Amino acid sequence: MPIGKLIALEGGDGSGKRTVSQRLKDAVDHTEQFYFVREPGGTRLGDKIRSVLLDTEVTTVPVEELLLFMASRLALFREVVRPKLLQGIHVVTDRLDASSYAYQLYARDELGLEDMFRHIRRRYVLPLDPGVTDWLHPYYIFLDLPPEVGLKRKCQVGLQNHFDTRELEFHQKVREGYLHFVRGERHYKVIDASRSLDDVYEEVRVSISQITGIEIPCLQTVADTPK
Ligand code: TYD
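My aim in this report is to walk through the structure given alongside it, one point at a time. All figures in this text were calculated on a predicted structure; none of them were measured in a lab.

## Some thoughts on unusual backbone geometry
And then number 1: Cis rather than trans, the peptide bond between Glu39 and Pro40 has omega equal to -15°.
And then number 2: One non-glycine residue, Arg95, lies in positive phi territory at about 85°.
And then number 3: Considering the arrangement of structural elements, one finds Arg95 in the loop between strand 3 (90-94) and helix 4 (97-106).
And then number 4: One non-glycine residue, Asp109, adopts positive backbone phi at about 55°.
And then number 5: Classification of Asp109 as exposed rests on a relative accessible area of 60%.

## So, the pairing of strand 3
And then number 1: Counted residue by residue, strand 3 has five buried out of five residues, so it is predominantly covered.
And then number 2: Of the two faces of strand 3, the one lined by His90, Val92 and Asp94 and the one lined by Val91 and Thr93 are each fully buried.
And then number 3: The sheet contact formed by strand 1 (residues 6-11) and strand 3 spans four bridges and is parallel. The partner of Leu9 across the bridge, within strand 3, is Asp94.

Calculation notes
Residues numbered from 1 in each chain as written. Predicted model: local features only at pLDDT ≥ 70, side-chain atom pairs only at ≥ 80, totals over all residues. Heavy atoms only, no water. Helix = DSSP H or I, 4+ residues; strand = E, 2+ residues; numbered from the N terminus. Buried < 20%, exposed > 50% of the residue type's maximum accessible area, 1.4 Å probe, protein only. Pairing = 2+ DSSP bridges.

Have a look at this one:
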């Protein structure tokens with residue numbers, strides 16, 4: 001049986017990722033061909049790590065953050081993502097390692113961590129099983145928009161965590177980091193997320209339909225605000 005495709009929805013804060021992935025989920029609800037996850041979290045360990053990472057009273061330096069995000073990711077891949085892919089199910093993840101590269105490495109001027117990041121990624125995230133010759137090549141869909149637009153959207157809906165409250169310059173570097181990372185990958189698509197959520201959803205829907213060969217239905221329109 002062919003393995004499922006791994007599709008990562010990536011994007012800065014307020015890019016509409018969560019709304020788009022919720023809408024995709026609703027659209028494919030009746031099929032068993034897709035599974036949706038979000039990072040950090042999705043396992044018992046990952047959920048605990050998530051609450052530490054989003055706790056404003058916990059202070060961290062980039063290497064600590066990176067290791068926490070990666071530990072959450074590794075548990076998610078071991079317990080959920082890899083088994084689903086091996087069953088031929090397509091996995092759509094709300095964030096993957098482009099986020100670690102953008103937030104913990106690039107935007108924090110910590111590219112010295114890149115070797116460790118790449119090593120863990122190759123050794124533990126991308127292999128399908130210890131003996132395989134083939135690796136996963138995720139399909140990155142990057143919802144790109146100027147950070148000032150994203151932050152404004154997030155403020156409007158009052159959904160900020162301490163990752164969102166950093167200054168604009170930081171978010172500009174996050175954006176650059178994403179572009180830098182995905183351009184080095186085998187499969188990626190950059191989508192202009194400053195348009196309406198309906199337009200963004202449509203482009204994501206068509207891309208995923210092409211990647212998987214499964215026609216994802218259009219859904220009725222949603223309110224034009226990110227969740
Ligand atoms: P979350 O509440 O899930 O927000 P969002 O809807 O924006 O995904 O917060 C996750 C935060 O964690 C987000 O600000 C980005 C950050 N993050 C990293 O810094 N590195 C990572 O590897 C991941 C997966 C997320």
